[in-house]
Amino acid sequence: MVDILHRVGIKSSVSEVYTALTTTEGLAGWYTTDTKGEGNDLGGVLQFRFEAGGFDMKVLELDPGKRVLWEVVDGPEEWIGTHVSWDLAQADEHAIVLFKHAGWREPVEFMHHCSTKWAVFMMSLKSLIETGKGAPEPDDVKIDNWN
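Below, the structure is looked at part by part. (Residues numbered from 1 in each chain as written. Predicted model: local features only at pLDDT ≥ 70, side-chain atom pairs only at ≥ 80, totals over all residues. Heavy atoms only, no water.)

Attention shifts here to the pairing of strand β3 (residues 45–50). Residues Leu46, Phe48 and Phe50 of β3 are buried on one face, while the alternating residues Val45, Gln47 and Arg49, pointing to the opposite face, are not. In this structure, strand β2 (residues 34–37) lies alongside β3, joined through four bridges in antiparallel fashion. By the bridge assignment for β3, Thr35 is matched with Phe48. One ladder, built from six bridges, connects β3 with strand β4 (residues 53–63); its direction is antiparallel. (Buried < 20%, exposed > 50% of the residue type's maximum accessible area, 1.4 Å probe, protein only. Helix = DSSP H or I, 4+ residues; strand = E, 2+ residues; numbered from the N terminus. Pairing = 2+ DSSP bridges.)

Here is the structure:
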C-alpha cells in the first residue's frame, strides 16, 4: 500500500481549519462547489462532484481541532476503500495540517495526478482560511488533459 502525504501551515487556529473540513460550506469553499452531505456527523456521507466525476466519503472520525478521517465509499476504483485524513496541530500562529490519502494498492498514474491535485486543493484550503477566498472546482488549477 502507498499513501499521498502533504504538510501545510495555515496562519489560523486549528478550529478554523477544522470547520473548513467538516462543514458543507467550508468544503465547498476550497474543494468543490458541488458538495453535499454532512461532514460533522460520524457515519455521514459527503458527496463531492467534479466536472470529471466524483467521490463519496464516509465520515469515520471527528476529533474537534485535531483530526478528521473519511473512507472513500464510492468513486474511481483506485479510491474505493482508501482513507483521507487531516491531523491538525497548533504551532504558534499557524495551524499545521498533515494530510494523508492512505491505502492506495499501487502507485498508478492516476495516483500521481491525485497527489498533485490534493496539493492544489490544500493550497486552496490555505487561501480560503488566510484570505477568505479559496479556489474550489471549477475554479481550481487544472493540471490534466481531460477537463
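On we go from here.
What follows deals with helix α3 (residues 109–131). Over its 23 residues, α3 runs 33 Å from end to end, which matches the ideal 33 Å to within 8%, given 1.5 Å per residue. Where α3 is concerned, the buried positions are Met111, His113, Cys114, Lys117, Trp118, Val120, Phe121, Met122, Ser124, Leu125, Leu128 and Ile129. Positive backbone phi, approximately 90 degrees, marks Gly132, located one or two places after α3. (Expected span 1.5 Å × (residues − 1).)

Take the nonpolar core next. Ranked by size, the top nonpolar core spans 37 residues in total, and within it Trp30, Tyr31, Trp70, Trp86 and Trp118 carry the most contacts. If we ignore the near neighbours within four places in the chain, the residues touching Trp30 are Ala20, Leu21, Trp86, Trp118, Phe121, Met122, Ser124, Leu125, Leu128, Ala135 and Pro136. (Core = buried A, V, L, I, M, F, W, Y, C linked by side-chain atoms within 4.5 Å. Contact = heavy atoms within 4.5 Å.)

Along the polypeptide, Arg105 turns up in the loop between β7 (94–104) and α3. C-alpha of Arg105 to C-alpha of Thr82: the two residues are 23 residues apart in sequence and 8.8 Å apart in space. The contact partners of Arg105, leaving out residues within four places of it in the chain, are Met1, Glu77, Glu78 and Ile80. Within the structure, Arg105 has its side chain in polar contact with the backbone oxygen of Glu77 (distance 3.0 Å). (Polar contact = N/O pair within 3.5 Å; in protein donor to acceptor, adjacent residues only side chain to side chain.)

Right, let's talk about the pattern of salt bridges for a bit. Applying the stated rule across the entire model yields eight salt bridges. Between Asp87 and Arg67 there is a salt bridge, with the nearest N and O atoms lying 2.9 Å from each other. Residue Asp87 is found in strand β6 (residues 83–91), and its partner Arg67 is found in strand β5 (residues 67–74); the two are separated by 20 residues along the sequence. Residue Asp87 is classed as partly exposed on the basis of its relative accessible area of 29%. Salt bridges linked by common partners bring Lys117, Glu137, Asp140 and Lys142 together as one network. (Salt bridge = Lys/Arg side-chain N within 4 Å of Asp/Glu carboxyl O.)

Another point: the sheet that holds β2. Strand order in the open sheet formed by seven strands is β1-β7-β6-β5-β4-β3-β2, and the pairing between neighbours is antiparallel. The sheet is open, and its two borders are formed by β1 (2–11) and β2, each paired with just one other strand. For this sheet, the mean inter-axis angle between neighbouring strands, taken without regard to orientation, is 20 degrees. The sheet contact formed by β4 and β5 spans seven bridges and is antiparallel. Within β5, the residue paired with Asp63 across the bridge is Arg67. Sheet contacts for α3: β1, β3, β6 and β7; angle to β1, the most-contacted strand, approximately 15 degrees. (Axes fitted to C-alpha atoms, helices over the stretch in contact; angles between N-to-C directions.)

Right, let's talk about the pairing of β5 for a bit. The turn joining β4 and β5, which pair antiparallel and follow one another in sequence, is formed by three residues; a positive phi near 75 degrees is taken by Gly65. Note that β5 and β6 share five bridges and pair antiparallel. If you follow Leu69 over to β6, its bridge partner there is Ser85.

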